[in-house]
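Descriptive structure summary
Listed below are the residues making up each chain.
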Amino acid sequence: MDKPRKRGRKPKKTDATASETMDYQHTNPASKNDTVSLPSSSDAPSISPTPTTTNDPSPSRRGRGRPRKIGKHVDSSEPKISATSPERRLGRGNELNGELGLSNGETRHGMVGVIAEAQIPLLPSRWDSVKKAASAMDAVVKVFCVHTEPNLSLPWQRKRQYSSSSSGFIVAGRRVLTNAHSVEHHTQVKLKKRGSDTKYLATVLAIGTECDIALLTVSDNEFWEGVSPVDFGDLPALQDAVTVVGYPIGGDTISVTSGVVSRMEILSYVHGSTELLGLQIDAAINSGNSGGPAFNDKGKCVGIAFQSLKHEDAENIGYVIPTPVIMHFIQDYEKNGAYTGFPILGVEWQKMENPDLRMSMGMSSEQKGVRIRRIEPTSLESQVLKPSDVILSFDGVKIANDGTVPFRHGERIGFSYLVSQKYTGDNAAVKVLRDSHILEFNIKLASHKRLVPAHINNKPPSYYIIAGFVFAAVSVPYLRSEYGKDYDFDAPVKLLDKHLHAMAQSVDEQLVVVSQVLVADINIGYEEIVNTQVLSFNGKPVKNLKTLAHMVESCRDEFLKFDLEYQQIVVLKTKTAKAATLDILATHCIPSAMSDDLKP
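Residues numbered from 1 in each chain as written. Predicted model: local features only at pLDDT ≥ 70, side-chain atom pairs only at ≥ 80, totals over all residues. Heavy atoms only, no water.

1. A few points about the sheet that holds strand 7 (residues 213–217)
What counts is decided by this rule: Two strands qualify as a pair provided that DSSP identifies no fewer than 2 bridges between them. Secondary structure counts use DSSP, requiring at least four H or I residues in a row for a helix and at least two E residues in a row for a strand, with both numbered from the N terminus. The axes are straight lines fitted to the C-alpha atoms, using for helices just the contacting stretch, and the angles between their N-to-C directions are given from 0 to 180°.
In spatial order, the strands read 2-3-4-7-6-5; together these six strands close into a barrel with antiparallel pairing. Within the sheet, the average angular offset between the axes of one strand and its neighbour, ignoring direction, is 40°. Bridging between strand 2 (residues 140–147) and strand 3 (residues 162–171) involves eight bridges; their strand directions are antiparallel. Bridge pairing links Phe144 to Ser165 in strand 3.

As structure tokens, then:
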């Protein structure tokens, strides 16, 4: 039986940020002059590069991108999921599981050389490759951002602003691509071109949290002079050479590192808390490289560097957002004038690899598929699909018993890849087996509604205060603000269970909690209530924070009665509680009893 956890507010270890740690403030002056190597042509004679080294001040802190103000500055935007959950653990893991960290990060210099110093004559084909690479590198820019994050624990305030730097690159249409976590909660964004001493003010057009991509533009015509947009290439094959370009720590000039594509699969996106197609490369992604392009040997962009794996047994493992995901983001923006997100099928499924399980479901020997465990109540699929339906195919592509579908020659990939290729509002043909009968449905796809959202989408947090009780809606940033980067271990079990397993019953449902109690005479005896869910008010269920605020403000009963989790109740005299609220707000310098989005 769960008992109430009397948890006081933990001392803040470090001010948490919304994307990644950036160590550029701690760069070594000795490494200011970075050596550079350009992508080489595959059809030209090989040239032995000149080995160089860098003075990376913190080689073990790969894949982060926020500045350390004092001491260790930890990334708090990396959503984490407990290792016991069916989902893969995201963000910083323990030593056994390793870490997936956001990059704003540098690719560490391996074997690099300076073309200008090469002593071996270059053949015409080599020069063609050099020209293409040099032209493509001129489109890579350095991104400077000033962030002002909301304070989720004190939602009427904002945190102290801080600065970060990352990379980006120019694409067609006078636009610039970078990572979403590079400009999250931005106050000001500036761009600087290669070889320029001028920073240009930029405007953020769209931020794709799921795919960790942001689209920028610059109004100053001077910025676009003398540069050509990057061309996109096809999805690379395994062992294809890639070159990552960006502005990592260790110097102020552009940096180039190279590697090969070592893996391609559905990957956990740390910032987006989603799973999309990703490329794994054997070049490290370090602080400052976030948003930088990855080029193939023809000088075409095949991806965006965005995160890396940190594990004591792993070295030089970086991850790149591939062109199908990038083009989906761009076309979504062009089609809708805004980013609408990646759709989902809205079901949880189970593998059907056990022959007895398949037999019990009425499947023949040649039939393959996955069994539906649960369906999101808010999804359109819930109107046609049922639990224990076996999904046989999606848009005509047969699904295997392990949930994979064919992907290029000799490769298979999770069938969620097929769903991610669609756009919000698109239709898909889903064939299922139900009671030994094959049924086919045309389903309209939509985005995911989570009971505990992974992001607050750059909006100010909502709150409501009455008699010193601070009510808030739970989100992943809220949990991280309250319990730090290890929130998936330190947060109350009830909240974690809802975060990992609960499904929203309606599109406007929220998980409302008493965040804290601002101590006053009227709330004596309630001081230890912290982060406890509110179930009902005066006998009526609490659907969301706005509903609660409206019910309390319009209440004419003698008492305010809140039913909380763990069978706790809070009872206050209505007139006294409302009168005391103004004094409590003045004492704590709080401008309003509720956030603007809750006001009528």
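More follows now that the structure is in view.
2. Observations regarding a nonpolar patch on the surface
In plain terms, the rule: Put simply, a patch holds well-exposed residues, over 30% relative accessible area, that have no salt bridge, with like charges counted together within 9 Å and Val, Leu, Ile, Met, Phe, Trp or Tyr side chains within 5 Å. Surface exposure here means Shrake-Rupley accessible area, sampled with a 1.4 Å probe, where a residue is shielded only by the protein chains that are shown. Any carboxyl oxygen of Asp or Glu that lies within 4 Å of a side-chain nitrogen of Lys or Arg is treated as forming a salt bridge with it.
Judged by side-chain polarity, Phe559, Ile569 and Val571 come together as a nonpolar surface patch covering roughly 240 Å² of accessible area. Along the chain, the position of Ile569 falls in strand 28 (residues 569–573).

3. Remarks on helix 2 (residues 323–336)
Just so we agree on the cut-off: For a helix, the expected span equals 1.5 Å multiplied by the residue count minus one. For the exposure calls, accessible area comes from a 1.4 Å probe over protein chains only, and a residue counts as buried if that area is under 20% of its type's maximum, exposed if over 50%, partly exposed in between.
Helix length check: helix 2, at 14 residues, gives a terminal C-alpha distance of 20 Å against a target of 20 Å (1.5 Å per residue), a fit within 8%. All of the buried residues along helix 2 are Thr323, Val325, Ile326, His328, Phe329, Ile330, Asp332 and Tyr333. Positive phi appears at Gly337, one or two residues downstream of helix 2, with a value of about 75°.

4. Thoughts on the pairing of strand 23 (residues 469–473)
Each regular strand displays side chains that alternate between the two surfaces of the sheet. A large share of strand 23 lies buried, amounting to four of its five residues. The pairing of strand 22 (residues 463–466) with strand 23 spans four bridges and is classified as antiparallel. Residue pairing across strands places Tyr463 opposite Ala472, the latter belonging to strand 23. Counted between consecutive antiparallel strands, the loop separating strand 22 from strand 23 contains two residues, among which Ala467 sits at a positive phi close to 55°. Across five bridges, strand 23 lies against strand 24 (residues 512–517) in antiparallel orientation. Along strand 24, the bridge assignment pairs Ala473 with Val512.

5. What about the side chain of Glu565?
Selection criterion: In this analysis, two residues are considered to be in contact whenever any of their non-hydrogen atoms come within 4.5 Å of each other.
Assignment of secondary structure puts Glu565 in the loop between strand 27 (559–564) and strand 28. If near-sequence neighbours (up to four positions away) are discounted, Glu565 is found in contact with Lys494, Lys498, Thr532, Gln533 and Leu535.

6. Examining the pattern of salt bridges
A complete count under the given rule lists 14 salt bridges for this structure. Measuring nitrogen to oxygen at the nearest pair gives 3.6 Å for the salt bridge that ties Glu348 to Arg373. One end of the pair, Glu348, is in strand 14 (residues 347–350); the other, Arg373, is in strand 15 (residues 370–375), with 25 residues separating them in the sequence. Glu348 gets classed as partly exposed once you look at its relative accessible area, which sits at 24%.

7. Focus: the confidence of the model for the protein chain
So the rule is basically this: Within a predicted model, pLDDT stands for the predictor's per-residue confidence, ranging from 0 to 100.
Across the protein chain, the average pLDDT comes to 81, with 77% of residues at or above 70. Below pLDDT 50 for its whole length, residues 105–127 participates in 73 contacts with residues either more than four positions away or in separate chains.

8. Details of the pairing of strand 2
Across the eight residues of strand 2, eight count as buried, placing the element largely inside the fold. The two faces of strand 2 match: Val140, Lys142, Phe144 and Val146 on one face and Val141, Val143, Cys145 and His147 on the other face are all buried. Pairing of strand 2 with strand 5 (residues 186–193) involves seven bridges; the strand directions are antiparallel. Bridge assignment links Val143 to a residue of strand 5, and that residue is Leu191.

9. Observations concerning the packing of aromatic side chains
The following threshold applies: For Phe, Tyr and Trp, where Trp contributes only its six-membered ring, two rings pair if their centres lie within 6.5 Å, and the inter-plane angle classes them as stacked under 30 degrees, edge-to-face over 60, or tilted in between.
In this structure the tally under the stated criterion is 13 aromatic pairs. Measuring from ring centre to ring centre gives 4.8 Å for Tyr269 and Phe306, while their planes differ by 45°; the resulting arrangement is tilted. Here Phe306 lies in strand 12 (residues 301–310) and Tyr269 lies in strand 9 (residues 255–269), a separation of 37 residues in the sequence. Since its relative accessible area comes to 0%, Tyr269 is described here as buried. Judged by relative accessible area, Phe306 falls into the buried class, the value being 0%. With a centroid separation of 5.3 Å and an interplanar angle of 75°, the aromatic rings of Phe407 and Tyr417 are classed as edge-to-face.

10. Observations concerning the side chain of Ser164
Here is the rule: In the analysis that follows, any N or O atom pair within 3.5 Å is treated as a polar contact, provided that within protein one partner can donate a hydrogen and the other can accept it, and provided that, for residues neighboring in sequence, both atoms belong to side chains.
Position of Ser164 among the secondary structure elements: in strand 3. We classify Ser164 as buried; its relative accessible area is 3%. There is a polar contact of 2.6 Å between the side chain of Ser164 and the side chain of His147.

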